[in-house]
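# An overview of the molecular structure
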Amino acid sequence: MGARQSSARSQDKGPKGMVLLGGRQKLSPWDDALLSGKDPRSLLQRGMRHVSFSLVTKGMTDVPDFLWGLSEVQKLNLSHNQLRLLPPDVGKLTRLVVLNLCGNRLKSLPREISLLKSLKVLFVNMNCLTEVPAELSACQSLEVLSLSHNRLSQLPASLAGLPRLRKLNLSNNAFAHIPICVFALKELDFLHVGSNRLENIAESIQCLVSLQIFIAERNNIHSFPRSLCLLTSLELLNLNNNDIQTLPDELYLLCRLARIAWNPMDKGLHISHNPLSKPLPELVEGGLEMLFSYLKDKKHT
């Protein structure tokens, strides 16, 4: 009996001591390919637009070296692992368009990320980032950048030089102010700075003339800046759960806000859970048209 158990255990180990799954369990395509000596390129998914490779939820603490030889990869998903380090070799994947590093334990990104000249989408949310490399500004094609749920309190000034960036998520970090470089991103149409440590919104917010969605909920913002009213492209403005007591008379200029919104997914003005002074709470309950009418009359009296 003991000999059989010992023999079974010895068969549970593959090449280089790799532990194999039980006989009734199926190996993942990744493990199966490596154990059988297949070319990892056989795992590439060739879609209509992009060549993709995915290693999601593999429990990896390190990125396998074979990956850096897959130079044709355009979409790479390494999300939800245990990665603490992204090797400089990532710079070899010069055709990358989408890189998903969400849900790991990364504290930083390598400078070699600057070599990804085709990169359009970068997800590094839900990591442990304390800084962002200035070299990221070399990714001139970048359009979407998610840095939410990290430990960031500042961004490098060089990120002001990302001419195509349209969507930026900085929520759930430790920002005391919206980084100055953000106000130079003229193409930005989505900005999420919710759940930080903001106490105000700088007047420079008016520079983001393309902004359509601005979320700054769950901060400690004390006032609603008049400069926000100059962003007439806004369709969703979320200032829920702050410390705002008054609203600017010019609020009616935000003509693309369709309603007072209560559902987080709805477009419109989100202003609930603020200590608004009377009669503003009743006017908000009455809807956006009533609120705008009051503020417009107030401005002209």
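Thresholds, definitions, all that
- Residues numbered from 1 in each chain as written.
- Predicted model: local features only at pLDDT ≥ 70, side-chain atom pairs only at ≥ 80, totals over all residues.
- Heavy atoms only, no water.
- Helix = DSSP H or I, 4+ residues; strand = E, 2+ residues; numbered from the N terminus.
- Buried < 20%, exposed > 50% of the residue type's maximum accessible area, 1.4 Å probe, protein only.
- Contact = heavy atoms within 4.5 Å.
- Areas by Shrake-Rupley, 256 points an atom, 1.4 Å probe, with all protein chains shown as cover.
- Salt bridge = Lys/Arg side-chain N within 4 Å of Asp/Glu carboxyl O.
- Pairing = 2+ DSSP bridges.
- Core = buried A, V, L, I, M, F, W, Y, C linked by side-chain atoms within 4.5 Å.
- Patch = residues over 30% accessible without salt bridge, like charges linked within 9 Å, V, L, I, M, F, W, Y side chains within 5 Å.
- Lys, Arg positive; Asp, Glu negative; His and termini not counted.
- Charge placed at Lys NZ, Arg CZ, Asp CG, Glu CD.

An unreviewed UniProt entry lists the chain under the name Leucine-rich repeat-containing protein 30, from Ceratotherium simum simum.

### Some words on the overall build of the chain
Along the backbone of the chain there are four helices and 11 strands. Going through the 301 residues of the chain one by one, you find that 47% of them count as buried. Counting contacts in the chain only where the partners sit at least 6 residues apart, residues at least 24 apart contribute 32% of the total. Summed over all atoms, the accessible surface of the chain reaches about 15600 Å², with 50% contributed by carbon and sulfur.

### Remarks on the pattern of salt bridges
Here the structure, examined in full by the defined rule, presents nine salt bridges. Here D89 ties to K92 by a salt bridge, and the two come within 3.5 Å at their closest N and O atoms. Here R226 ties to E250 by a salt bridge, and the two come within 3.2 Å at their closest N and O atoms. Taken together, the residues R226 in the loop between β9 (213–215) and β10 (236–238) and E250 in the loop between β10 and β11 (268–270) connect sequence positions 24 residues apart. Using a relative accessible area of 17% as the deciding quantity, one classes E250 as buried. Connected via shared salt-bridge partners are E143, R166, K167 and D189.

### Side note on the pairing of strand β2 (residues 51–54)
Pairing geometry for strand β1 (residues 45–46) and β2, over two bridges, is antiparallel. Looking at β2, one finds that Q45 is bridged to S52. Note: β2 against strand β3 (residues 75–77), three bridges, orientation parallel. Pairing of S52 across the sheet is with K75, part of β3.

### Quick word on the nonpolar core
By size, the foremost hydrophobic cluster in this structure holds 82 residues, and its most contacted members are F214 and L291. At four residues, the largest contribution of residues to this core is made by helix α4 (residues 288–299). For L291, the residues in contact, after removing those within four places along its chain, are L247, L251, I260, L269, L280, L283 and V284.

### A word on a positive patch on the surface
Positive charge collects at one region of the surface, where R49, K75, K120 and R164 lie side by side. Summarising the element assignment, K75 is placed in strand β3.

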